[in-house]
Amino acid sequence: MTTPPSPTAFNTDLPDYTKLPKLLVGQKALVTGANSGIGQAAAIGLARAGADVVVNYVTGDAAAQKVVEAIEAEGVRGLAIEADVSKELEVEDMFAKAIDAFGTLDILVANAGLQRDSSLVGMTMSQWNTVINVNLTGQFLCARAAAKEFMRRGVRKEVSVAAGKIICMSSVHEVIPWAGHVNYASSKGGIFMMMKSLAQELAPHRIRVNSIGPGAIRTPINTNAWETPEAYASLMELVPYRRIGEPEDIANVAVFLASDLADYINGVTIFVDGGMTCYPGFATGG
Ligand code: NAD
């Protein structure tokens, strides 16, 4: 498991992230890219809320096993499954194994993602394809496999009024352009329309599809944006709420979106960004 930095380093007055209500008892979840950062926190958060959780990972078996241990410490079942979300057969195989082990699935958190940054003119096809394949195609493949199971099975009234919940991990960069990251911003913009189209298509089956749009969250993907006091101060100019997000800030919203408390929420992105999408550059005029 990637060791998270101290939550108090450059950050204070955090909520008590352990106070999660048991909103998901009896439900079965699969979280992709769950052995690091946001996925890890989401997997543990769903477990804390009462769900059994599959921990998908592509590399880092030991880290995945530690997340499984943390899940089982919450008194529910955890299971690590290796699969590259950009590979159709591996995704199909992962869902078959998960359904075999847990009986079914109720929740997908399509979280796995990466960056391969470059200026436009320096960007290789490999950098472009890797990001689109993992961030966008990976979410499509996982959503398709999850929807098949949700539609096959229908509503399980004893655990939820919905037949299934799909939560896409997007980004503020589904709406904020990002120079030097055209592959990443394009993948997240694509997730926006994929999520909305799936929400429209699957709603008659009582399947809800929504996205979370994280702002700056303290994970290994963006270490250089927060690891020194100078970088942190510069980052805070983009965050009106003046603190970096913790992975648990995202996990809390994933739990809420997966629960029946959010039953009438469908086809939206909830930005969890301390106000980053509020155009902070205009705070002092324009
Ligand atoms: P992270 O690097 O800690 O985690 C990414 C996870 O995805 C890792 O577990 C990695 O192994 C996994 N992964 C990568 N390629 C994979 C593949 N082919 N198959 C399966 N798993 C794969 O970064 P994070 O910040 O936790 O990112 C999680 C998600 O949140 C990503 O989609 C990212 O774009 C999004 N996000 C993060 C931030 C942030 O500030 N950290 C902001 C906006 C959006």
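Use the structure listed above.
Conventions used here
- Residues numbered from 1 in each chain as written.
- Predicted model: local features only at pLDDT ≥ 70, side-chain atom pairs only at ≥ 80, totals over all residues.
- Heavy atoms only, no water.
- Pairing = 2+ DSSP bridges.
- Helix = DSSP H or I, 4+ residues; strand = E, 2+ residues; numbered from the N terminus.
- Axes fitted to C-alpha atoms, helices over the stretch in contact; angles between N-to-C directions.
- Contact = heavy atoms within 4.5 Å.
- Phe/Tyr/Trp six-rings, centres within 6.5 Å; stacked < 30°, edge-to-face > 60°.
- Buried < 20%, exposed > 50% of the residue type's maximum accessible area, 1.4 Å probe, protein only.
- Parallel < 35°, antiparallel > 145°, perpendicular 65-115°, else oblique.
- Left-handed = near helix turned anticlockwise from the far one by under 90°.
- Nonpolar A, V, L, I, M, F, W, Y, C, P; charged D, E, K, R; others polar.
- Salt bridge = Lys/Arg side-chain N within 4 Å of Asp/Glu carboxyl O.
- Right-handed = clockwise from strand over helix to strand, strands pointing away.

Once that is clear, we can look at the sheet that holds strand E3 (residues 78-82). Taking strand neighbours across the sheet as the criterion, the seven strands line up as E3-E2-E1-E4-E5-E6-E7 in an open arrangement whose pairing is parallel. Each edge of the open sheet carries a strand with a single partner, namely E3 and strand E7 (269-272). On average, each strand axis in the sheet is tilted by 20 degrees relative to the strand beside it, whichever way the strands run. Pairing between strand E5 (residues 164-169) and strand E6 (residues 207-214): six bridges, direction parallel. Directly across from Ile167, in E6, lies its bridge partner Asn210. Docked against the sheet, helix H5 (residues 182-202) engages E5, E6 and E7, running at close to 160 degrees with respect to E6. Packed onto the sheet, helix H7 (residues 247-258) meets strand E4 (107-110), E5, E6 and E7 and runs at close to 165 degrees relative to E6.

So, about the packing of aromatic side chains. Summed over all chains, the structure comprises one aromatic pair. Centroid distance Trp178 to Tyr184: 5.6 Å. Interplanar angle 70 degrees. Geometry classified as edge-to-face.

A positive phi is found at Arg206, a non-glycine position, where the angle reads about 60 degrees. By the secondary structure assignment, Arg206 is in the loop between H5 and E6. In this structure Arg206 comes out as partly exposed when scored by relative accessible area, which is 44%. Despite not being glycine, Tyr279 shows a phi value in the positive range, around 50 degrees.

This part takes up the packing of helix H4 (residues 125-153) against H5. Their axes nearest at 8 Å, the elements H4 and H5 cross at an angle of 15 degrees. The angle between H4 and H5 falls in the class roughly parallel. H5 is crossed by H4, and the crossing has right-handed handedness. Listed contacts from H5 to Gln127, Trp128, Val131, Ile132, Asn135, Leu136, Gln139, Phe140, Ala143, Ala147 and Met151 of H4 are Val182, Asn183, Tyr184, Ser186, Ser187, Lys188, Gly190, Ile191, Met194, Leu198 and Leu202. Of the residues assigned to the contact of H4 with H5, the class counts are 14 nonpolar, seven polar and one charged.

In this section: the packing of helix H1 (residues 37-48) against H7. For any two helices packed against each other, the geometry comes down to the angle between their axes and how far apart the axes lie. Axis separation between H1 and H7 bottoms out at 8 Å; the angle between their running directions is 50 degrees. In terms of orientation, H1 lies oblique with respect to H7. Crossing geometry of H1 relative to H7 is assigned as right-handed. Where H1 abuts H7, its residues Gly37, Ile38, Ala41, Ala42, Gly45 and Leu46 lie against Pro247, Glu248, Ile250, Ala251, Ala254, Val255 and Ala258.

With that settled, the discussion passes to the pattern of salt bridges. If you walk through the whole model with that rule in mind, you get 14 salt bridges. One salt bridge connects Glu246 with Arg218, and the closest N-O pair in it is separated by 3.0 Å. With Glu246 in the loop between helix H6 (229-236) and H7 and Arg218 in the loop between E6 and H6, this pair connects stretches of sequence that are 28 residues apart. Under the relative-accessibility criterion, Arg218 is labelled buried at 2%.

Burial analysis of strand E2 (residues 52-57) places six of its six residues in the buried class, which makes it a mostly covered element. Here E2 shows a buried face lined by Asp52, Val54 and Asn56 and a second buried face lined by Val53, Val55 and Tyr57. With four bridges connecting them, strand E1 (residues 28-31) and E2 associate as parallel partners. Within E2, the position partnered with Leu30 by the bridge is Val54. At this point the chain moves from E1, through H1, to the parallel E2, and the crossover so formed is right-handed.

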